[in-house]
Amino acid sequence: IENHKTDTFFFFWEESAVHYGPEGGVNIEAAQNLNLKLYKLNKKGGAIVAQPGDICYIHITRGESRFNWELGYFIANKLQERGWDVQVSGNDVLVEGRKVIGHMRMYLGGACNFYGGHISLTVNLPAIQRVCTKPMEKIPAGLSEFGVTREEVEEWLHEFWFRFK
């Protein structure tokens, strides 16, 4: 990774998993009982419980990138066009006060940065409450709760990608 020379982007469709930082905040036993894969990341912040069908994205680059923020604002604008109350709050996109997108950055060394994000399409709130031990500052929601389909999100990503490149 330290010798990484070019920008690399990944979009992938998530399995049932928990992504969490070194300070924990995750009930490991509950996650295992729910058959969630565990991914411990070297980043500050809370946990993300991903459901099958959610969309994750990664950008590995040398130097700084606005990719995550621009994608968040792009999707926020698409949701506002539908009449929803949407706010961008730090690294999150909220619809009607509920978190639908979150992203983060990790320094990998050698001026290489890892930017990752998560777009929720469905949310199992009882499972999240069992797994996450820290108080939730932002209650999660899936875009499907706001009438958005996976196909629409994929179209938005395609449209954004050709604008961003």
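Computed from a predicted structure; not experimentally measured. (Residues numbered from 1 in each chain as written. Predicted model: local features only at pLDDT ≥ 70, side-chain atom pairs only at ≥ 80, totals over all residues. Heavy atoms only, no water.)

K.L.:
Sorry, what's going on with the overall build of the protein chain here?
P.N.:
Looking only at helices and strands, one finds four helices and nine strands in the protein chain. Its helices and strands taken in sequence order, the protein chain reads β-β-α-β-β-β-α-β-β-β-β-α-α from the N to the C terminus. By the compact-globule yardstick of 15 Å for 165 residues, the protein chain fits well, its C-alpha radius of gyration being 16 Å. A principal-axis box enclosing the C-alpha atoms of the protein chain has dimensions of 40 × 40 × 25 Å. Counting all 165 residues of the protein chain, 44% fall into the buried class. A separation threshold of at least 6 residues defines the contact pool for the protein chain, and within that pool the share at least 24 residues apart is 64%. Only carbon and sulfur atoms are counted for the fraction: they give 50% of the accessible area of the protein chain, which is about 8600 Å². Once the 18 positive and 20 negative side-chain charges of the protein chain are each reduced to a mean point, those two points are 6 Å apart. (Helix = DSSP H or I, 4+ residues; strand = E, 2+ residues; numbered from the N terminus. Rg over C-alpha atoms; globule rule 2.2 N^0.38 Å. Buried < 20%, exposed > 50% of the residue type's maximum accessible area, 1.4 Å probe, protein only. Contact = heavy atoms within 4.5 Å. Areas by Shrake-Rupley, 256 points an atom, 1.4 Å probe, with all protein chains shown as cover. Lys, Arg positive; Asp, Glu negative; His and termini not counted. Charge placed at Lys NZ, Arg CZ, Asp CG, Glu CD.)

K.L.:
Help me understand the packing of helix α2 (residues 67–81) against helix α4 (residues 150–164), please; the structure alone is not making it clear to me.
P.N.:
What describes two packed helices is the angle between their axes and the distance between those same axes. Axis separation between α2 and α4 bottoms out at 11 Å; the angle between their running directions is 130°. With respect to their mutual orientation, α2 and α4 come out oblique. The two elements α2 and α4 cross, and the hand of that crossing is right-handed. Here α2 contributes F67, E70, L71, F74, I75, K78 and L79 to the contact with α4, which in turn contributes W156, L157, E159, F160, W161, R163 and F164. (Axes fitted to C-alpha atoms, helices over the stretch in contact; angles between N-to-C directions. Parallel < 35°, antiparallel > 145°, perpendicular 65-115°, else oblique. Left-handed = near helix turned anticlockwise from the far one by under 90°.)

K.L.:
Hey, could you run me through unusual backbone geometry in this one?
P.N.:
One can expect most non-glycine residues to show negative phi and most peptide bonds to be in trans. One non-glycine residue, N35, adopts positive backbone phi at about 60°. In this fold, N35 is placed in the loop between α1 (28–33) and β3 (37–40). Even without a glycine there, the phi angle at E96 is positive, about 55°. Within the fold, E96 resides in the loop between β7 (92–95) and β8 (98–109). Residue class for E96 comes out partly exposed when judged on its relative accessible area of 42%.

K.L.:
Explanation requested: the side chain of S120 in the structure shown.
P.N.:
When you line up the elements, S120 lands in the loop between β9 (112–119) and α3 (125–131). Discounting chain neighbours no more than four positions away, the residues touching S120 are D54, V100, A141, G142 and L143.

K.L.:
Just checking my understanding: could you explain α4 for this structure?
P.N.:
Each α-helix winds once per 3.6 residues, and so residues spaced three or four apart point in a common direction. The terminal C-alpha atoms of α4 lie 21 Å apart, and with 15 residues this matches the ideal 21 Å at 1.5 Å per residue to within 8%. The complete set of buried residues in α4 reads V153, W156, L157, F160 and W161. Buried residues of α4 fall within an arc of 135° about the axis and therefore sit on the same side. Within α4, the exposed residues directed more than 90 degrees away from the buried face are E155, H158 and F162. Packed against the buried residues of α4 are β1 (8–13), β5 (55–62), α2 and β9. (Expected span 1.5 Å × (residues − 1). Arc of directions from axis to C-beta.)

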